[in-house]
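Structural overview for review
The chain contents come next:
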Amino acid sequence: MTSETEIKIHQCECDVCQAGTDLEIARHHRQMNVFLSRLNEPQRRWYVGLLSQRPDSPSDRQLAKITGLDEKTIQRGRQELAAELAGLPSDRQRRPGGGRLRAEKRTPS
Ligand SMILES: [Zn+2]
């Protein structure tokens, strides 16, 4: 047990995972959340913003359930990517402790 790094991994709340009918999809969503748990907050919204633009992507509402991000946060990530992240600091420029993770907002279901 490693207790020094407590990484919170969001549990997917999408219908497929709730129903437990498609293990492939459930595993994919789990891996997305494992990956997201290692990113900082801007990186998370950019990643999901990027995913949301794929032709076969789920809707923002679905992505919000899958990732635990707000729909607004996903929209914002998409807008920031569209603007090529202009004016946004890269991770290297961040001061340590400046990028505190906010508690995840829960989407009411
Ligand atoms: Zn899911």
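Refer to the structure printed above.
Quick caveat: nothing in here was measured; it's all calculated off a predicted structure.

This part is about the overall build of the protein. What the protein contains, in helices and strands, is five helices and zero strands. Each helix (α) and strand (β) of the protein, taken in turn from the N terminus, gives the series α-α-α-α-α. Looking at the protein as a whole, 28% of its 109 residues qualify as buried. Intrachain contacts of the protein at a sequence separation of at least 6 include 63% that bridge at least 24 residues. Total accessible area computed for the protein in this model is approximately 8100 Å², and 50% of it derives from carbon and sulfur atoms.

Moving on, we come to the coordination of the zinc ion. Within the protein, the zinc ion binds to Cys12 (SG), Cys14 (SG), Cys17 (SG) and His29 (ND1); these donor distances fall in the range 1.9 to 2.3 Å. The sequence pattern formed by the donor residues of the zinc ion is C-x1-C-x2-C-x11-H. On the accessibility criterion, cysteine 14 (1% relative accessible area) is buried. The partly exposed category is assigned to cysteine 17, whose relative accessible area is 22%.

Moving on: the packing of aromatic side chains. This model, assessed by the stated rule, comprises one aromatic pair. With centroids separated by 4.9 Å and ring planes inclined at 75 degrees, the aromatic side chains of phenylalanine 35 and tyrosine 47 adopt a geometry described as edge-to-face. Taken together, the residues phenylalanine 35 in helix α2 (residues 23-37) and tyrosine 47 in helix α3 (residues 41-51) connect sequence positions 12 residues apart. Accessibility expressed as a relative area gives 24% for tyrosine 47, which makes it partly exposed.

One non-glycine residue, glutamate 84, adopts positive backbone phi at about 55 degrees. By the secondary structure assignment, glutamate 84 is in the segment after α5 (71-82). In this model, leucine 85 sits at a positive phi of 55 degrees, which is unusual for a non-glycine residue. Overall, the relative accessible area of 27% leaves leucine 85 in the partly exposed class.

What counts and what doesn't
- Residues numbered from 1 in each chain as written.
- Predicted model: local features only at pLDDT ≥ 70, side-chain atom pairs only at ≥ 80, totals over all residues.
- Heavy atoms only, no water.
- Helix = DSSP H or I, 4+ residues; strand = E, 2+ residues; numbered from the N terminus.
- Buried < 20%, exposed > 50% of the residue type's maximum accessible area, 1.4 Å probe, protein only.
- Contact = heavy atoms within 4.5 Å.
- Areas by Shrake-Rupley, 256 points an atom, 1.4 Å probe, with all protein chains shown as cover.
- Donors = N, O, S within 2.8 Å, 3.2 Å for Na, K, Ca; no water.
- Phe/Tyr/Trp six-rings, centres within 6.5 Å; stacked < 30°, edge-to-face > 60°.

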